[in-house]
Amino acid sequence: MKVVGVGIVGMGGRGRGFLRSYRQESFAGFDVRAVCDRDEERLTACGKMYGGDFARYADLNEMLAREEVELVIVATNDPDHVEPVITALRAGKHVLVEKPLCQNVADAVRIVEAARKAPGIFMMGFELRCVPVFRQMKAFIDQGKIGTVKVAHVFDNVGRGGCFFHNPHRQKQFYKSLLLQKASHSLDLLNWFVGSRPSRVYGVGGLDYFGGGTGEPTEDLHCAECEKGKRCPFFSAKGGKTNEYGEVVQAKDYCVWDRHNDLCDNSELCITYANGVKATFHELYFTPEYSREFWLVGTEGKMYGYFDNPGRFQIRITRQLAAAEREHSLRQVEEYWPKAMPGGHGGGDPALRAEVYRRIVENDPARDVLESAYYSTALAVCAEESIESGLPVDVPPLQ
């Protein structure tokens, strides 16, 4: 089995997750040869945590100079994706970048132009496209199970949404928008199911639950210092907790009610697509459940899809029967329960890893990746612009 050498940029939580899963102990086709981060303490910690069988760099160009680094995974903070991606592409490397692609349309265009000229394979961290329930939904659409999709509705329920408002970077000046940082997964899936580019979006949203509730004068308040303590539903104890990659990480406990929070904790979008499809999208951060739900209405039926991280997947297809078919019912209902695969994101993480490997060794560029990366970003950016302006915004088409 051909072994592809990997270099990882950004050794925060997601970067360490990639380090674990792209080592040969986890997947024989990849081997992490180097990691890069501007924080020397992180590099030292990675060496202690995972052994010393990979080089550690503070300078990206030094890492890219290593011929054995063939695939570069960019897992930096969201504002810092652009330059590592473009630099790695220009160095002739294959690139996998964690979502979101970037934080504005102009930078998205720059990355697309660099990827078009580069010899390497470009991939996005859209592992949800690899999850069985969503793959099956897409297959049913392509098979014409519900005819031609005309209307869509998505509910993105973020049941543990307080974690975003515990974060020290819980502001627009860092994340720009949770539609971009978090919902780009679901927006990409919506674009994929609809089979067209978003052309216009109108959004409303607000900070109606978190932030400002206590009128705290400073963002320095922490859960451990708060007199409400464990009576708060979003109490986050100091100390370690285990994340989805099996690592013990330091819990963040900034106050979710602090008035410095300014990210929307709920958003609603009306989206028009170039093929005429109309869609609505809801994202909510204070709902009890943590799930993604899709309703797709076509000319011959309706499909409902349900996803959650534990893998309780469901697809339900309903269609109205023709007069000659109506013996006991006006409608026919089919239900499917796709099985989750092992691994993070319902098996999407290892499935994406396998897909990246296959495309590299077979030299098989994914034709739609650049469009999916661009339009998921452009749609989220334009949606936030619409929320702030109160006006619909046209999504610039990719040239």
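Anything mentioned here points back to the structure above.
On a predicted model such as this, the values are computed, not experimentally measured, just so you know.

How each quantity is defined
- Residues numbered from 1 in each chain as written.
- Predicted model: local features only at pLDDT ≥ 70, side-chain atom pairs only at ≥ 80, totals over all residues.
- Heavy atoms only, no water.
- Phe/Tyr/Trp six-rings, centres within 6.5 Å; stacked < 30°, edge-to-face > 60°.
- Helix = DSSP H or I, 4+ residues; strand = E, 2+ residues; numbered from the N terminus.
- Buried < 20%, exposed > 50% of the residue type's maximum accessible area, 1.4 Å probe, protein only.
- Lys NZ or Arg CZ within 6 Å of the ring centre and 35° of its normal.
- Pairing = 2+ DSSP bridges.
- Disulfide = S-S within 2.5 Å.
- Axes fitted to C-alpha atoms, helices over the stretch in contact; angles between N-to-C directions.
- Contact = heavy atoms within 4.5 Å.

(A) How the structure looks around the packing of aromatic side chains. One pass over the full model with this rule turns up 25 aromatic pairs. Ring centres of F134 and F193 lie 6.3 Å apart, and the angle between their planes is 50°; on these two criteria the pair is classed as tilted. Taken together, the residues span a long stretch of sequence, with F134 in helix α6 (residues 132-142) and F193 in helix α10 (residues 184-194) at a distance of 59 residues. Take F134 and F193: they sit in the same class, and that class is buried. Relative to W257, the ring of Y209 has its centre 5.4 Å away and its plane inclined at 65°; by these criteria the two rings are edge-to-face. Of the two residues, Y209 sits in the loop between β8 (198-206) and β9 (240-242) while W257 sits in the loop between β10 (248-250) and β11 (266-273), which places them 48 residues apart along the sequence. With relative accessibility at 33%, the residue Y209 sits in the partly exposed group. Overall, W257 belongs to the buried group, its relative accessible area being 15%. Across from the ring centre of F18, 4.7 Å away, lies the NZ or CZ of R14, which sits over that ring.

(B) Structural view of the sheet that holds strand β13 (residues 291-298). Taking strand neighbours across the sheet as the criterion, the nine strands line up as β16-β15-β14-β13-β7-β12-β11-β8-β17 in an open arrangement whose pairing is mixed. Of all the strands in the sheet, just β16 (331-336) and β17 (393-394) have a single pairing partner and so form its edges. Inspection of the sheet shows β11 paired to strand β12 (residues 278-284) by seven bridges, in the antiparallel sense. Looking at β12, one finds that E268 is bridged to H282.

(C) Spotlight on the state of the cysteines. According to the stated counting rule, one finds zero disulfides in the structure shown. The thiol of C223 is not disulfide-bonded; the next cysteine sulfur, from C232, is found 6.2 Å away.

(D) Just the environment of R90, in detail. Inspection of the secondary structure assignment puts R90 in helix α4 (residues 82-90). R90 gets classed as exposed once you look at its relative accessible area, which sits at 70%. Between the alpha carbons of R90 and P119 there is a distance of 8.5 Å; along the sequence they are 29 residues apart.

(E) Structural detail: the sheet that holds strand β3 (residues 55-57). Strands sit in the order β3-β2-β1-β4-β5-β6 across an open sheet of six strands; the sheet is parallel. Strand pairing shows two members of the sheet lacking a second neighbour, β3 and β6 (122-124), which therefore form its edges. When strand polarity is set aside, the average angle formed by the axes of neighbouring strands in this sheet is 25°. Across three bridges, strand β5 (residues 94-97) lies against β6 in parallel orientation. In the strand pairing of β6, V95 is matched with F122. Strands β1 (4-9), β2 (30-36), β4 (71-74), β5 and β6 of the sheet are contacted by helix α11 (residues 348-361), whose axis makes an angle of about 170° with β6.

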